[in-house]
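Descriptive structure summary
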Amino acid sequence: MSRLVISGVSKSFGATRVLDHIDLDVPDGTAAAVVGASGCGKTTLLRVIAGFEAPDTGSVQLGTETVVRDNVCLPPQRRRIGYVAQDGALFPHLSVADNIAYGLDTGLRGAAARLRRHRDRDRVTELLAMVSLDPGFADRLPHQLSGGQQQRVALARALARKPALMLLDEPFSALDTGLRATTRQAVAETLRAAGMTSILVTHDQEEALSFAEQVAVMRDGRFTQVGPPQHVYHHPADLFTAHFLGDCVLLDALCEADIAKSALGPVPVQQHAPTGQTTLMLRPEQLTAQVGTTDHPHSGTVTEVDFRGPDVILTIDLAEGAGTVKVRRTGTQAPARGDRVRLTIQGTAMAYEKS
Ligand SMILES: Nc1ncnc2c1ncn2[C@@H]1O[C@H](COP(=O)(O)OP(=O)(O)OP(=O)(O)O)[C@@H](O)[C@H]1O
């Protein structure tokens, strides 16, 4: 069992509070992603879990073991936790096999260690297979691998100790877009196949949403929201979280009995939404723009077409100066600049009290 439960963890450096009452429950064998802007405290949280920093207050429980509470603080090497850093941190002078075998090291040195590593060769091959690397990579040096391959070796090294929990600190951020997505998928599959509990720290919302069963959005050392990716994306707790997780369409709306009336007509909103003047939030893919209707009340004019490959983002000026909205459309047969379009909303919107 390797459920991770973090309760009331706070940490200050001098007068600056970097973690402020953090609670997180990661069920056994699942992945959580902590996403937030640079400097919000993500790495510090991982360092507290790993044992490189002691929190001022709070507790960390891994499986049946309390690794931090009050005066108890297990040293990192006794925590059964693997850590993969942003740059992989492989030893440049050691081969791939020796880098991985280092993770298997039991403290033996010299000839005994060499003998041990030789015996561990089979395990190295097994670990390379786990991270989808050919056994032929074993004798290469890290600089003879691509960035994505290096990160897989780093993961294999961390897996070698069979940790109960894997911590991943922005492990894909140095990779270019294509490699990033494939490496992320490979790592997620490896961890899933191993049934390992994990936490990924990232500043990339798409990465967080695709990687984990649970996403925690961090702002200034606090979680603004923790929940399944689809829920936090479609029902963000506040406008900060909404903006952080993706593009937003914002409209003024009058809200009553969980229906909001805006320039685009009435739309259902979340249960127990605020009443009166609100700010309405939709995702751009919730709007459809149909060309050719000129006199419909919920129409507008396309003023910008931002081509992004698989889709385009249309900027549309609403009729009667009611504002501007952004609409996501597939790239084929998208409206052109100057087209008049009729707008309709799909699904439920989120209404927030006007700030
Ligand atoms: N040992 C330390 N001593 C003093 N301040 C620190 C220390 N470690 C981190 N900080 C500060 O704590 C804050 C949070 O740092 P942290 O590295 O946790 O942020 P982060 O969200 O991981 O950022 P990034 O995405 O840029 O890595 C920062 O303002 C940082 O300068």
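About the cut-offs
- Residues numbered from 1 in each chain as written.
- Predicted model: local features only at pLDDT ≥ 70, side-chain atom pairs only at ≥ 80, totals over all residues.
- Heavy atoms only, no water.
- Axes fitted to C-alpha atoms, helices over the stretch in contact; angles between N-to-C directions.
- Helix = DSSP H or I, 4+ residues; strand = E, 2+ residues; numbered from the N terminus.
- Parallel < 35°, antiparallel > 145°, perpendicular 65-115°, else oblique.
- Left-handed = near helix turned anticlockwise from the far one by under 90°.
- Contact = heavy atoms within 4.5 Å.
- Nonpolar A, V, L, I, M, F, W, Y, C, P; charged D, E, K, R; others polar.
- Core = buried A, V, L, I, M, F, W, Y, C linked by side-chain atoms within 4.5 Å.
- Buried < 20%, exposed > 50% of the residue type's maximum accessible area, 1.4 Å probe, protein only.
- Salt bridge = Lys/Arg side-chain N within 4 Å of Asp/Glu carboxyl O.
- Pairing = 2+ DSSP bridges.
- Near = heavy atom within 4 Å.
- Polar contact = N/O pair within 3.5 Å; in protein donor to acceptor, adjacent residues only side chain to side chain.
- Expected span 1.5 Å × (residues − 1).
- Domains from an automatic or database assignment.
- Buried area = accessible area lost by both parts, 1.4 Å probe.
- Disulfide = S-S within 2.5 Å.

The chain is annotated in an unreviewed UniProt entry as Fe(3+) ions import ATP-binding protein FbpC from Nocardia rhizosphaerihabitans.

**Structural notes on the packing of helix α4 (residues 121-130) against helix α5 (residues 147-160)**
The angle between the axes and the distance between the axes are what describe a pair of packed helices. Viewed as axis vectors pointing N to C, α4 and α5 meet at an angle of 125°, and their least axial separation amounts to 9 Å. Considered as vectors, α4 and α5 are oriented oblique to each other. Classified by chirality, the crossing of α5 by α4 is right-handed. Contacts between α4 and α5 pair Arg 123, Leu 127 and Met 130 from the former with Ala 156, Leu 159 and Ala 160 from the latter. When its residues are assigned to classes, the contact of α4 with α5 shows five nonpolar, no polar and one charged.

**Digging into the nonpolar core**
One broad rule of soluble globular proteins: the nonpolar side chains tend to lie buried together. One finds Ile 100, Leu 155, Leu 159, Met 166, Leu 168, Leu 191 and Phe 211 to be the most contacted residues of the largest nonpolar core, which totals 42 residues. Per-element tally for this core: the top contributor is α5, with seven residues. Not counting residues up to four positions away in its chain, the partners in contact with Leu 168 are Leu 46, Val 84, Leu 155, Val 187, Leu 191, Ile 199, Leu 200, Val 201 and Phe 211.

**Some remarks on the packing of α5 against helix α6 (residues 177-193)**
Running from amino to carboxyl end, α5 crosses α6 at an angle of 20°, the nearest separation of the two axes being 10 Å. Classified by the angle between their axes, α5 and α6 sit roughly parallel to one another. Here α5 runs over α6; the crossing is right-handed. For the pair α5 and α6, the contacting residues are Gly 148, Gln 151, Arg 152, Leu 155 and Leu 159 in the first and Leu 179, Thr 182, Thr 183, Ala 186, Val 187, Thr 190 and Leu 191 in the second.

**So, the pattern of salt bridges**
Where charged atoms of side chains with opposite charge meet at close range, the side chains can pair. For the structure shown, the criterion picks out 14 salt bridges. The residue Asp 25 makes a salt bridge to Arg 3 at a minimum N-O spacing of 2.5 Å. Of this pair, Asp 25 sits in strand β2 (residues 16-26) while Arg 3 sits in the segment before β1 (4-13), and the two are 22 residues apart along the sequence. The exposure class assigned to Asp 25 is partly exposed, which follows from its relative accessible area of 30%. You can call Arg 3 partly exposed: its relative accessible area is 40%. One salt bridge in this structure joins Asp 20 and Arg 222, with 2.9 Å as the shortest N-O distance.

**Re the sheet that holds strand β16 (residues 287-291)**
Reading across from one edge, β16-β20-β17-β18-β19 is the order of the five strands in this open sheet, with antiparallel pairing throughout. If you trace the sheet from one side to the other, it starts and ends with β16 and β19 (324-330), each paired once. The mean angle between the axes of side-by-side strands here comes to 45°, regardless of whether they run parallel or antiparallel. The pairing of β16 with strand β20 (residues 340-345) spans five bridges and is classified as antiparallel. When the sheet's bridge partners are listed, Val 291 is paired in β20 with Val 341.

**What about the site of the ligand?**
Surrounding the ligand, one finds Phe 13, Val 18, Ala 37, Ser 38, Gly 39, Cys 40, Gly 41, Lys 42, Thr 43, Thr 44 and Glu 170. Cys 40 is positioned with one of its backbone polar atoms (N or O) 3.1 Å from an oxygen atom of the ligand. Contact distances for the ligand include 2.8 Å between an oxygen atom and a side-chain N or O atom of Lys 42. Here the residues of the shell around the ligand sort into four nonpolar, five polar and two charged.

**Re the sheet that holds strand β4 (residues 57-62)**
Strand order in the open sheet made by the five strands is β2-β1-β4-β5-β6, with antiparallel pairing throughout. Looking at which strands have only one partner, the edges of the open sheet turn out to be β2 and β6 (72-73). Two strands pair when backbone bridges link them, and β1 and β4 are joined in this way by five bridges, in the antiparallel orientation. Paired with Ser 10 across the two strands is Thr 57, which belongs to β4.

**Focus: α6**
Compared with the 24 Å implied by 1.5 Å per residue over 17 residues, the 24 Å span of α6 between its first and last C-alpha is a close match. When α6 is considered as a whole, its buried residues turn out to be Arg 180, Thr 183, Arg 184, Ala 186, Val 187, Ala 188, Thr 190 and Leu 191. Those residues of α6 that are buried are in contact with α4, α5, β8 (165-169), β9 (197-202) and α7 (205-211). Remark: Gly 195 follows α6 within two positions and exhibits a positive phi of approximately 65°.

**Brief notes about the domain arrangement of the chain**
Looking at the assigned domains, one finds that the chain contains domain 1 (4-239) and domain 2 (247-353). Measuring from the centre of the C-alpha atoms in domain 1 to the corresponding centre in domain 2 gives 39 Å. Listed as interface residues are seven residues of domain 1 and, on the opposing side, eight residues of domain 2. Taken as a group, Tyr 233, Pro 236 and Leu 239 account for 68% of the area that domain 1 buries against domain 2, more than any other trio of residues on that side.

**Observations regarding the state of the cysteines**
Here the structure, examined in full by the defined rule, presents zero disulfides. Note on Cys 248: no disulfide assigned, nearest cysteine sulfur contributed by Cys 255 at a separation of 17 Å.

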